[in-house]
Amino acid sequence: MDEIKDRLLKPSKATHEDQRGKFISYLSIGLIAVLVISILVFITIHGLAMFTQNGMKISDFLFKTDWNPGKKLIGALPMIVTSFGVTLLSALIATPFAIAVALFMTEFAPKRGAKFLQVIIELLVGIPSVIYGLIGLAIVVPAVRTIYGGTGFGILAGAIVLFVMVLPTITSLTVDSLKAVPRHYRQASLALGATRWQTIYKVILRAATPGILTAVVFGMARAFGEALAVQMVIGNAAMLPQNLTSPSATLTSQLTMGIGNTIMGTLPNNALWSLALLLLIMSLVFNLVVKLIARKGRIK
Amino acid sequence: MKKILILVSSLLLAGVFIAGCSSKSASDSSKLTIVGSTALQPLVEQAANNYQDENSGTSITVQGGGSGTGLSQISNGSVSVGNSDVFASQVSGVNTKKIVDNKVAVVGITPVVNPDTGVKNLTMQQLQDIFTGKITNWNQVGGKDEEITIINRAKGSGTRITFEQNVLDGKSAIKAQEQDSNGTVQKLVSSTSGAISYVSFSYVNSKIQAVSIDNVKPTDANVKTNAWKIWSYEHMYTTKNADASTKKFVKYVKSDKVQKTLVKKLGYIAIKDMKVSKDANNQIK
């Protein structure tokens, strides 16, 4: 009798397992939280050092166009403009293609065709960015050079390379959002006598709009943060782009070019950290935009 | 549950393993880590390979990262050797008191142009005017009627510091596109019409035209007598209290064995062949 009472009153083996599981999960979450917070704090401290220690002005950093930290010129506007230029341009080219491919995969293609495309898209995601950069350097840059003149380096070459890189991201997320449109929407539309085309662009695309916009923003975030491939084709001249084929530099390309040539704790190094902070803030903004779209865009 | 336990324990094991490795390399003196200049990297890598063949107890890791990385890593003591194309005192922010300079080779740097410009010789003044933006067309210096496209190396790159110190005379270069290695510059100059840039001697090939300055040709012989002025030392910086195996390896790189064979084979100039020497302020002795 006592034995049974004992067993019932004490936590069972399963309870112990439960607690242990909880402990491990919390530990992992805690570790990741500490990691993320320390990265944020670290970049923020270093990124602000230029303004606190070296006495530079934030307004100079954001709005001036002369970048030469070695000589105390810290205008980052050329990089900001170029980063947004390549990002917007590549997303602009990639989105129609991505929507077309996604529509084909979800609405038209036979199962095998859709699967085949899926494999190709996954393959495109998996290709390392240095390879995109090499192809850009070997094919895109000379092509731009022969067609438009100049050196071939610039926003146009960068946007073309990024177009290929963000296409799979936008496509696969768009596919997900198209698949998430409830089946009865399609059925109801067809039952009302709408053609397939009318169903697609009046019902399916409308219902999937928040998802597609999210896909585009994710693609833009990837384009904005891409460093290596862009650095190889952008030309890396820290000046305001005069046109799409004049050499310029993005935030990321300036970082990868400069970091090996600067000394920790000096102004040129701190200036690079400020660029990194700017990148971090921008990616947070992209995330916020995604959240906003998800909340506001839903069909009611 | 089991899976999680396995995962966690394997992670812990991995952590212990990594920690073990790093603490070992800190205490075990026969493991050398060398970082820095990409211009010097091929020589040090090759020398390290040969050295390890002869001394099986030593393991040497050679990494690039740039002269800046090399200098900052050695000045805070986190590596065995920091490679640099420039004197530590030429770079602000490096604590030169803690480190020792070892010059291991000399590199000549030459301006190069795309062959279609039709230019084979420039005066020092013309070269300066091109990089400061006063001359913008090749026909102003006796070439074809074609716009000049300047390709620079990244700010702070050793090659660029050396080039600007010897050519620009304190003036600053106009803004132009920047590339981060000799190799990319070589490819770009050969494929872009009207392009001018500068590379170390070993990167000159038949597709790009090396330019003489004031009718002096960019050759090793001219560097040795300082008739050709654009050259720099390759430095291997160590800490003042470097351990025995670090000193031994640096000594090996400076020995005749390396200087007479590898250094020449890889396109550098041996220190002993130099008839002049330069200090950090670019003064010739």
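Scoring rules and cut-offs
- Residues numbered from 1 in each chain as written.
- Chains lettered and ligands numbered in written order.
- Predicted model: local features only at pLDDT ≥ 70, side-chain atom pairs only at ≥ 80, totals over all residues.
- Heavy atoms only, no water.
- Helix = DSSP H or I, 4+ residues; strand = E, 2+ residues; numbered from the N terminus.
- Rg over C-alpha atoms; globule rule 2.2 N^0.38 Å.
- Buried < 20%, exposed > 50% of the residue type's maximum accessible area, 1.4 Å probe, protein only.
- Contact = heavy atoms within 4.5 Å.
- Areas by Shrake-Rupley, 256 points an atom, 1.4 Å probe, with all protein chains shown as cover.
- Domains from an automatic or database assignment.
- Buried area = accessible area lost by both parts, 1.4 Å probe.
- Salt bridge = Lys/Arg side-chain N within 4 Å of Asp/Glu carboxyl O.
- Nonpolar A, V, L, I, M, F, W, Y, C, P; charged D, E, K, R; others polar.
- UniProt positions renumbered as here; feature names shortened; annotations may be inferred.
- Polar contact = N/O pair within 3.5 Å; in protein donor to acceptor, adjacent residues only side chain to side chain.
- Pairing = 2+ DSSP bridges.
- Right-handed = clockwise from strand over helix to strand, strands pointing away.
- Expected span 1.5 Å × (residues − 1).

Peer 1: Describe the overall build of chain A, and please don't skip the residues or the numbers.
Peer 2: For chain A, the count of helices and strands is 12 helices and 2 strands. In sequence order, chain A lays out its α and β elements as α-α-α-β-β-α-α-α-α-α-α-α-α-α. In terms of overall dimensions, chain A is more spread out than a globule: its C-alpha atoms have a radius of gyration of 25 Å, far above the 19 Å expected for 300 residues. On the principal axes, the C-alpha backbone points of chain A span a range of 85 × 65 × 35 Å. Out of the 300 residues belonging to chain A, those deemed buried represent 44%.

Peer 1: Explain the overall build of chain B residue by residue, including any values.
Peer 2: The helix and strand inventory of chain B stands at 9 helices and 12 strands. Out of the 285 residues in chain B, the part that is buried amounts to 48%. Counting contacts in chain B only where the partners sit at least 6 residues apart, residues at least 24 apart contribute 73% of the total. Accessible area for chain B stands at about 13000 Å²; split by element, carbon and sulfur atoms hold 52% of it.

Peer 1: Outline the domain arrangement of chain B, listing residues and values.
Peer 2: Residues and elements named next belong to chain B. Under the domain assignment used here, chain B contains domain 1 (32-105 + 233-273) and domain 2 (107-224). A separation of 28 Å is found between the C-alpha centroids of domain 1 and domain 2. Contact residues are listed per partner, giving 11 residues for domain 1 and 10 residues for domain 2. Carbon and sulfur atoms supply 57% of the area that domain 1 and domain 2 bury against each other, a total of about 930 Å² over both sides. Summed over the shared surface of domain 1 and domain 2, the result is 0 salt bridges. Taken together, the residues of the side of domain 1 that touches domain 2 break down into 5 nonpolar, 3 polar and 3 charged.

Peer 1: Now, about the pattern of salt bridges: what can you tell me, with residues and values included?
Peer 2: Within this structure, the stated rule accounts for 13 salt bridges over all chains. K64(A) is the partner of D60(A) in a salt bridge, and the nearest nitrogen-oxygen pair spans 3.6 Å. K257(B) serves as the salt-bridge partner of E54(B), at 3.0 Å between the closest nitrogen and oxygen. With E54(B) in helix α2 (residues 41-54) and K257(B) in helix α9 (residues 256-265), this pair connects stretches of sequence that are 203 residues apart.

Peer 1: Quick one: what's the story with the UniProt feature "transmembrane region" (unreviewed entry) in chain A, residue by residue and with numbers?
Peer 2: The positions UniProt marks with the feature "transmembrane region" (unreviewed entry) are residues 23-53, 73-104, 116-141, 153-175, 203-224 and 271-294 of chain A. Taken end to end, residues 73-104 of chain A has its terminal C-alpha atoms 51 Å apart, with 88% of it in helix and 6% in strand.

Peer 1: An account of the UniProt feature "domain: ABC transmembrane type-1" (unreviewed entry) in chain A is requested, with residue identities and associated values reported.
Peer 2: Feature annotation in UniProt assigns "domain: ABC transmembrane type-1" (unreviewed entry) to the following positions: residues 80-290 of chain A. In the segment residues 80-290 of chain A, helix accounts for 80% and strand for 0%; the C-alpha atoms at its two ends are 21 Å apart.

Peer 1: Before we move on, can you summarise the interface of chain A and chain B with the specific residues and values?
Peer 2: One widely used convention gives an interface's size as the accessible area the parts lose upon coming together. Every contact between the two is made by 28 residues of chain A and, on the other side, 31 residues of chain B. Interface area for chain A against chain B, summed over the two sides, is near 2300 Å², with a carbon-plus-sulfur share of 60%. Linking chain A with chain B are 1 salt bridge. As a salt-bridge pair, D66(A) and K175(B) come within 2.8 Å of each other at their nearest N and O atoms. Counting across the chain A and chain B interface gives 5 residue pairs in polar contact (both at pLDDT 80 or more). Going through the elements one at a time, α2 (13-52), β1 (67-68) and α6 (129-148) of chain A are the ones with two or more residues in the side of chain A that touches chain B. With 4 residues, α2(A) is the largest single contributor of residues to the side of chain A that touches chain B. Tallied by class, residues from the side of chain A that touches chain B come to 12 nonpolar, 11 polar and 5 charged.

Peer 1: I'd like a rundown of helix α4 (residues 124-131) of chain B, residues and numbers included.
Peer 2: Residue and element names in this part refer to chain B. When α4 is considered as a whole, its buried residues turn out to be L127, Q128, D129, I130 and F131. Buried residues in α4 make contact with β5 (103-113), β6 (121-122), β7 (149-153), α5 (158-167), β9 (195-200) and β11 (212-213). Positive phi shows up at G133, right after α4, with a value of about 90°.

Peer 1: Give a detailed account of the pairing of strand β12 (residues 231-239) of chain B, specifying residues and quantitative values.
Peer 2: Residues and elements named next belong to chain B. Burial within β12 is extensive, with 9 of its 9 residues counted as buried. Relative to β12, strand β3 (residues 81-84) runs antiparallel, the two being bridged by 4 bridges. Directly across from S84, in β12, lies its bridge partner H235. As paired elements, β5 and β12 share 5 bridges and run antiparallel to each other. Counted as the bridge partner of K103 is H235 from β12.

Peer 1: Residues and numbers for the domain arrangement of chain A, please.
Peer 2: All names here are of chain A. Partitioning chain A into domains gives domain 1 (2-52) and domain 2 (67-296). Distance between the C-alpha centres of domain 1 and domain 2: 35 Å. In this assembly, 10 residues from domain 1 lie in contact with 10 residues from domain 2. Counting the surface lost from both domain 1 and domain 2, the interface buries some 900 Å², and carbon and sulfur atoms represent 83% of this. In terms of surface lost to domain 2, no three residues of domain 1 exceed I43, H46 and M50, which account for 59% of the buried area on that side. For the interface between domain 1 and domain 2, the tally reads 0 salt bridges. Along the lines of polarity and charge, the residues of the side of domain 1 that touches domain 2 split into 7 nonpolar, 3 polar and no charged.

Peer 1: Requested: an account of the pairing of strand β1 (residues 31-36) of chain B, with residues and values cited.
Peer 2: Residue and element names in this part refer to chain B. Pairing of β1 with strand β2 (residues 59-65), which is carried by 5 bridges, proceeds in the parallel orientation. For I34, the partnering residue across the bridge sits in β2 and is V62. Crossover β1 to β2 through α2 is right-handed. Inspection of the sheet shows β1 paired to β3 by 3 bridges, in the parallel sense.

Peer 1: Explain unusual backbone geometry residue by residue, including any values.
Peer 2: In the Ramachandran plot, N236(A) falls in the positive-phi region, its phi being about 55° despite a non-glycine side chain. Here N236(A) is to be found in the loop between α10 (228-234) and α11 (251-258). Even without being a glycine, D169(B) presents a positive backbone phi close to 60°. Looking at where D169(B) falls in the secondary structure, it is placed in the loop between α5 and β8 (177-179).

Peer 1: Describe α2(A), listing the residues and the values that go with them.
Peer 2: Its 40 residues give α2(A) an end-to-end C-alpha distance of 56 Å, which sits within 8% of 58 Å, the value for a rise of 1.5 Å per residue. Those residues of α2(A) lying buried are G21(A), I24(A), I43(A), G47(A), A49(A), M50(A) and F51(A).

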